[in-house]
Amino acid sequence: MHILLIEDNPADARLVHEALVEAKLACKLNWKNTGGEALAFLRETVAVDQAAAPDLILLDLNLPGVHGQEILVEIKTDPRLQHIPVIVLSSSTAKADVMDAYRAHANAYVAKPTQFSQFVALVGSINTYWVGAVLLPSKMV
């Protein structure tokens, strides 16, 4: 599995990586810390080889420059990218943020846990659902 993490906070990115290791999720993790960097990576990747696109995107909302909501809209309106599941992983639990993300076709919205054990459990549930149960579009091509 290839996961793209779009997260500006290095500590949170490290936490995601450690949780993936702890949850024993075998995956390739690409980390981009700005929205512009993430969009450039996605566009370049699918331009070269559609099959090289990530299987899943974990997206923070509060990013410098291009906001996570804008990235979500870009992904979900680009025919080359819109099939990639996007899980918004944000510290915000504001109703407006949640509703805006789903209106922009986020596949899931998850509040960032505050404890490492909770983060590991969250990543474990991502593994169970997105790797074990779901047929991902990237596996169909």
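This text follows the structure it describes.
Residue indices begin from 1 for each chain and proceed along its sequence in written order. With the structure being a predicted model, the display of local features is reserved for residues of pLDDT at least 70 and the display and counting of side-chain atom pairs for 80 or more, all residues being used for whole-chain, interface and lining totals. Computation of side-chain values: all heavy atoms of the structure, hydrogens and water removed.

Caption draft 1: Representation of the packing of aromatic side chains within the structure. Each pair of aromatic rings taken from Phe, Tyr and Trp, with Trp reduced to its six-membered ring, is defined by centres within 6.5 Å and is described as stacked if the planes are under 30 degrees apart, edge-to-face if over 60, and tilted in the remaining cases. In this structure the tally under the stated criterion is one aromatic pair. Ring centres 5.0 Å apart and planes at 85° place the aromatic pair Y129 and W130 in the edge-to-face group. Here the term buried applies to any residue with accessible area under 20% of the maximum for its type, exposed to any over 50%, and partly exposed to those in between, with areas from a 1.4 Å probe on protein chains only. The exposure class assigned to Y129 is partly exposed, which follows from its relative accessible area of 46%.

Caption draft 2: Spotlight on the pattern of salt bridges. Salt bridges are defined by distance alone: a side-chain nitrogen of Lys or Arg within 4 Å of a carboxyl oxygen of Asp or Glu. Throughout the structure, instances matching the rule amount to six salt bridges. Here K112 makes a salt bridge to D12, at a shortest N to O gap of 2.9 Å. Pair noted here: K112 is in the loop between β5 (108-111) and α5 (116-133) and D12 is in helix α1 (residues 10-22), with a separation of 100 residues, a long-range link. In this structure, R80 engages D78 in a salt bridge whose closest nitrogen and oxygen atoms are separated by 3.0 Å. For R80, a relative accessible area of 34% translates into the label partly exposed. Helix and strand assignments follow DSSP, with helices taken as H or I runs no shorter than four residues and strands as E runs no shorter than two, numbered in order from the N terminus.

Caption draft 3: Focus on the environment of A51. By the element assignment, A51 lies in the loop between α2 (35-48) and β3 (56-59). A C-alpha to C-alpha distance of 32 Å links A51 and P113, two positions 62 residues apart in sequence.

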